[in-house]
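# Architecture at a glance
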Amino acid sequence: MIAIFKATENDFKLLADIGRQTFLESHGESANKTDIDAYVNDKYSYPVVKEELADTNNIYHIAYFNNQPAGYSKIILNTPHPNIEQQNITKLERLYLLKEFYKQKAGLELFNFNVAIATTNKQAGIWLFVWKENERAINFYLKNGFEIIGSHNFKISATHSNPNHQMFLKF
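Summarised in this report is the structure supplied together with it. (Residues numbered from 1 in each chain as written. Predicted model: local features only at pLDDT ≥ 70, side-chain atom pairs only at ≥ 80, totals over all residues. Heavy atoms only, no water.)

## Quick word on the pairing of strand E5 (residues 125–131)
As a reminder, the rule being used: Burial classification: accessible surface area is computed with a 1.4 Å probe over protein chains only, and a residue below 20% of its type maximum counts as buried, one above 50% as exposed, and the rest as partly exposed. The helix and strand labels rest on DSSP assignments: H or I over at least four residues marks a helix, E over at least two residues marks a strand, and numbering proceeds from the N terminus. For two strands to pair, DSSP has to find at least two bridges joining them. By convention, a crossover is right-handed whenever its connection, traced from the first strand over the helix to the second and viewed with the strands pointing away, goes clockwise.
The buried count for E5 comes to six of seven residues, which makes it a mostly enclosed element. Of the pairings in the sheet, the one linking strand E4 (residues 89–97) to E5 comprises three bridges and is parallel in character. For Lys91, the partnering residue across the bridge sits in E5 and is Trp127. A crossover connection joins E4 to the parallel E5 through helix H4 (residues 106–120); in handedness this β-α-β unit is right-handed. Where E5 lies against strand E7 (residues 161–170), seven bridges are found, and the strand directions are antiparallel. Opposite Phe129, over in E7, you have Gln166 as the bridge partner.

Right, dumping it as structure tokens:
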């Protein structure tokens, strides 16, 4: 059974730990170990995640499968982008699932949950960046109606960036 709950500031350790693990599972081979470790230690430290949770613009949710944390999401409502004409659009900044839960459809439920939040808040669409080598994620988003509308270099370190697609789903 899948359950989704809004994260609170008290969830910072859980989110940091899941964030670190899921990032390593999905992007761990995208750069050298030193760069990846530095990125993860910076972006998924307890203080950084705690600060992100305190920002009311960031909407985090945690997905559970049979009462076990399976993944999480982060959206930011009303986040325009120059590549997108529509106003009132949501950025899906993070949607990560632990590998062991890929087959349980928790990612799809978490995605649909976020789309429902966006539509309830009168958003015109949702956009994201996805690593060009993450075929699983790209196929997931294409299957769910997204279109590739541009590209973006996702900075891992001062010397390494990963090429990303920018994708958009218009409601």
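Next comes the rest of the account.
## Digging into the packing of helix H1 (residues 12–27) against helix H2 (residues 33–43)
Let me state the cut-off plainly: Fitting a line to C-alpha atoms yields each axis, with helices limited to the stretch in contact; the angle taken between N-to-C directions then spans 0 to 180 degrees. Each angle is binned into one of four classes, with values under 35 degrees roughly parallel, values over 145 roughly antiparallel, values of 65 to 115 roughly perpendicular, and all other values oblique. Crossing handedness: left-handed means the near helix sits turned counterclockwise from the far one by under a right angle, and right-handed means the same turn made clockwise. For this analysis, residues touch if any pair of their heavy atoms sits within 4.5 Å.
The N-to-C vectors of H1 and H2 enclose an angle of 155°; their axes lie 10 Å apart at closest approach. Taken together, H1 and H2 sit at an angle that is classed as roughly antiparallel. Like other packed secondary-structure pairs, H1 and H2 cross with a definite hand, here right-handed. Residue-level inspection shows Arg20, Phe23, Leu24 and His27 of H1 in contact with H2, the latter providing Ile36, Tyr39 and Val40.

## Side note on the packing of aromatic side chains
The condition that has to hold: For Phe, Tyr and Trp, rings pair up if their centres lie within 6.5 Å, where Trp contributes its six-membered ring, and each pair is then called stacked (planes under 30 degrees apart), edge-to-face (over 60) or tilted (otherwise).
Going through the model one piece at a time under the given rule, you end up with 15 aromatic pairs. Here the aromatic rings of Phe111 and Phe146 are separated by 5.8 Å at their centres, their planes lie at 50°, and the arrangement is tilted. With Phe111 in helix H4 and Phe146 in the loop between helix H5 (135–143) and strand E6 (147–155), the pair connects residues that are 35 residues apart, well separated along the chain. Residue Phe111 shares its accessibility class with Phe146, and that shared class is buried. Judged by centre distance (5.2 Å) and plane angle (80°), the ring pair of Trp127 and Phe129 falls under edge-to-face. A relative accessible area of 23% means that Phe129 is categorised as partly exposed. One aromatic cluster in this structure is built from Phe23, Tyr39, Tyr44, Tyr60, Tyr72, Tyr96 and Phe154.

## Side note on the nonpolar core
For clarity, the cut-off: Among buried residues, the Ala, Val, Leu, Ile, Met, Phe, Trp, Tyr and Cys ones that are joined through side-chain atoms within 4.5 Å form a nonpolar core.
In terms of nonpolar packing, the biggest core is built from 27 residues, with Leu92, Phe111, Leu128, Val130, Tyr141 and Phe146 touching the most fellow members. Only strand E1 (2–6), strand E2 (58–65), strand E3 (68–76), E4, H4, E5, H5 and E7 provide two or more residues apiece to this core. In this structure Phe146 touches Phe111, Ile126, Trp127, Leu128, Tyr141, Met167, Phe168 and Leu169, once residues within four positions along its chain are discounted. Among the nonpolar cores identified, the runner-up in size contains 19 residues, and Ala7, Ala16, Ile18 and Leu53 belong to it.

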